[in-house]
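These are the residues of each chain, in order.
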Amino acid sequence: MELWLTLLLIAIVVIALLVYTNKRRAERELADAEAEARRLYERLGGQTMNLSAPGDDLAAGQALADAGERYTAAGSQLESASTIRQYRLVAETSIEGLHYIRAARTAMGMDPGPEVPALPGQRGVGSLSEPVSAEVEGRSYTGSPTPDDENRHYYPGGRVDGRPVPSGWYNTPWWQPALAGVGGAMVGMMVFNAMLAPAYAGGMVEGASADAAGDGGDDMGAEGGDAGDAGGDFGGDFGGGDFGGFDF
């Protein structure tokens, strides 16, 4: 009987130690996630508030406006964050904003500054190395590795509806409606098929992984016909380049 009581006591102590250890580990991980989120948020805030673009530099001004939107969004997320997942979302939003800051600095001919961590969706999608263009439902879509008066909307690279979109400067933020429902997703698919799939296949995207290039080719062949059929339904509903929402 005494042996069983001893073993029970040892088991209780071991379980208590495990619970305590796991609790402390979870607390440390939460504290680390919060600290990292606040560090990136404050870094973005400092960059956003201390940088301004000349009035005639439309590309830099647009990139800074996009960075400011991410700063506002990250602040709102931070106010209600209480879990590791939520703090990581704050960090990702801040990182996205920092990519726009680097783009703005580059557009103004400044040193882009310290490297910014890559977002999960950016890995392997590459960046435009040559100008690209396409006509979709009577609208012209263009992209360029560097900003100009026509291509002033920066995209840091990622995936839109599962398709790789290389970083670069585009004449309209066509990727944003992809989160707004079937119509927006169809527009994004048509632009991808007409402009970006050929760019991947033609080697006009540097740093792209084999998977990203393969996705481009597959989507071009498999969905090009569907995009053409759907164009008449959605072409008239697609507005100009002034879209709301976030890119990722």
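Residues numbered from 1 in each chain as written. Predicted model: local features only at pLDDT ≥ 70, side-chain atom pairs only at ≥ 80, totals over all residues. Heavy atoms only, no water.

Counted according to the given criterion, the structure contains seven aromatic pairs. The interplanar angle of 55° and the centroid separation of 5.0 Å between the aromatic rings of Tyr 154 and Trp 169 together place this pair among those described as tilted. Residue Tyr 154 is found in strand 4 (residues 153-155), and its partner Trp 169 is found in strand 7 (residues 168-170); the two are separated by 15 residues along the sequence. By relative accessible area, which is 4% here, Trp 169 ends up buried. Between Tyr 170 and Trp 174 the ring centres are 6.2 Å apart and the planes differ by 80°, which places this aromatic pair in the edge-to-face class. Look at Trp 174 and you get buried, because its relative accessible area is 1%. (Phe/Tyr/Trp six-rings, centres within 6.5 Å; stacked < 30°, edge-to-face > 60°. Helix = DSSP H or I, 4+ residues; strand = E, 2+ residues; numbered from the N terminus. Buried < 20%, exposed > 50% of the residue type's maximum accessible area, 1.4 Å probe, protein only.)

A word on the packing of helix 1 (residues 2-49) against helix 3 (residues 84-107). Packed helix pairs are specified by the crossing angle of their axes together with the interaxial distance, meaning the distance between the axes. Packing of helix 1 against helix 3 leaves a shortest axis separation of 8 Å and a crossing angle of 25°. On the basis of their axis angle, the class for helix 1 and helix 3 is roughly parallel. The two elements helix 1 and helix 3 meet at a crossing, and its hand is left-handed. Where helix 1 approaches helix 3, its residues Glu 29, Leu 30, Ala 33, Glu 34, Ala 37, Leu 40, Tyr 41, Arg 43, Leu 44, Gln 47 and Thr 48 are matched on the opposing element by Ile 84, Tyr 87, Val 90, Ala 91, Ser 94, Ile 95, Gly 97, Leu 98, Ile 101 and Arg 105. Split by residue class, the contact of helix 1 with helix 3 holds 13 nonpolar, four polar and four charged. (Axes fitted to C-alpha atoms, helices over the stretch in contact; angles between N-to-C directions. Parallel < 35°, antiparallel > 145°, perpendicular 65-115°, else oblique. Left-handed = near helix turned anticlockwise from the far one by under 90°. Contact = heavy atoms within 4.5 Å. Nonpolar A, V, L, I, M, F, W, Y, C, P; charged D, E, K, R; others polar.)

For the rest of this paragraph, the subject is the environment of Arg 123. For Arg 123, the location among the structural elements is in the loop between helix 3 and strand 1 (127-128). On the accessibility criterion, Arg 123 (56% relative accessible area) is exposed. As for Arg 123 and Gly 157, which are separated by 34 residues in sequence, their C-alpha atoms are 8.4 Å apart.

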